[in-house]
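# Observations on the three-dimensional arrangement
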Amino acid sequence: MTARVLEFEESLTRRQDEAQQEFLVLHNQAVAHAERITSDASEQVEAALAHARRISARADDYERLARAQAQQVEADAQVRAREILDDSRDKAQRIADTITSHASGVLRDAEDRTRDLRWQQQQLGSFMSEMNELLRAAPRGARTEHVADGDDAEDAPNAEVDADEAAFEEHSGVDERE
């Protein structure tokens, strides 16, 4: 029995050694596998971080490019707006100058016409005064003789008015149609 117990203990020790050996092998394999997984994961994390850094750098580059382009577009728009505003001011000034010039010309023409009409009015007044003086100075019989010579009494005042108007037009240089 002792031999069996010894044999059993020996077998048990051997099995324990074998189990311990197998445990160590499996443990080492598990540790190696865990290290490989950790190493692979670390490499993947590092690759992902590097990729993220590259994408972030590209995003920063695109952002800087977009900002630069936006600033350029804004600057171009401001320049164009200034040009349009300057052109509009120039056109407005030219229009104002043209209107002012035209208004001045019309005003000058109106003033000239007013002066001409006042001169003509003075001439007409002088002419009418002269005619009144002539009519007062003419003997009354001379007018009746003219009527008695064959003109109707109704035509005589019209003839005098027509003669007065013709003399006025000749004297003043003004046509009634004006």
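Residues numbered from 1 in each chain as written. Predicted model: local features only at pLDDT ≥ 70, side-chain atom pairs only at ≥ 80, totals over all residues. Heavy atoms only, no water.

Here we take up the overall build of the protein chain. When you go through the protein chain residue by residue, the secondary structure sums to three helices and zero strands. N-terminal to C-terminal, the α/β element order of the protein chain is α-α-α. Accessible surface, the protein chain: about 15,400 Å² in total, of which carbon and sulfur atoms supply 54%. (Helix = DSSP H or I, 4+ residues; strand = E, 2+ residues; numbered from the N terminus. Areas by Shrake-Rupley, 256 points an atom, 1.4 Å probe, with all protein chains shown as cover.)

For the rest of this paragraph, the subject is the confidence of the model for the protein chain. Parts of the model with low pLDDT should not have their predicted coordinates read in detail. Of all residues in the protein chain, 78% attain a pLDDT of 70 or more, and the chain-wide mean is 83. Within the protein chain, the element-level pLDDT minimum falls on helix α3 (residues 155–172), averaging 52, and the maximum on helix α1 (residues 2–137), averaging 92. Across residues 150–158 the pLDDT falls below 50, and counting only partners more than four positions away or on other chains, this stretch makes four contacts in the model. This model gives residues 174–178 a pLDDT under 50, and the stretch forms six contacts once residues within four places in sequence are excluded. (pLDDT = per-residue confidence, 0-100. Contact = heavy atoms within 4.5 Å.)

This next bit is on the pattern of salt bridges. Under the defined criterion, the tally for this structure stands at seven salt bridges. Here Glu 63 and Arg 67 are joined by a salt bridge, their closest N and O atoms 2.6 Å apart. One end of the pair is Glu 63 and the other is Arg 67, both in helix α1 and four residues apart, which spans about a single turn. On the basis of relative accessible area, Arg 67 is assigned to the exposed category, the value being 54%. Here Glu 133 and Arg 136 are joined by a salt bridge, their closest N and O atoms 3.2 Å apart. Separated by three residues within a single helix, Glu 133 and Arg 136 lie in helix α1, roughly one turn from each other. For Glu 133, a relative accessible area of 48% translates into the label partly exposed. Arg 136 sits in the exposed class, given a relative accessible area of 62%. (Salt bridge = Lys/Arg side-chain N within 4 Å of Asp/Glu carboxyl O. Buried < 20%, exposed > 50% of the residue type's maximum accessible area, 1.4 Å probe, protein only.)

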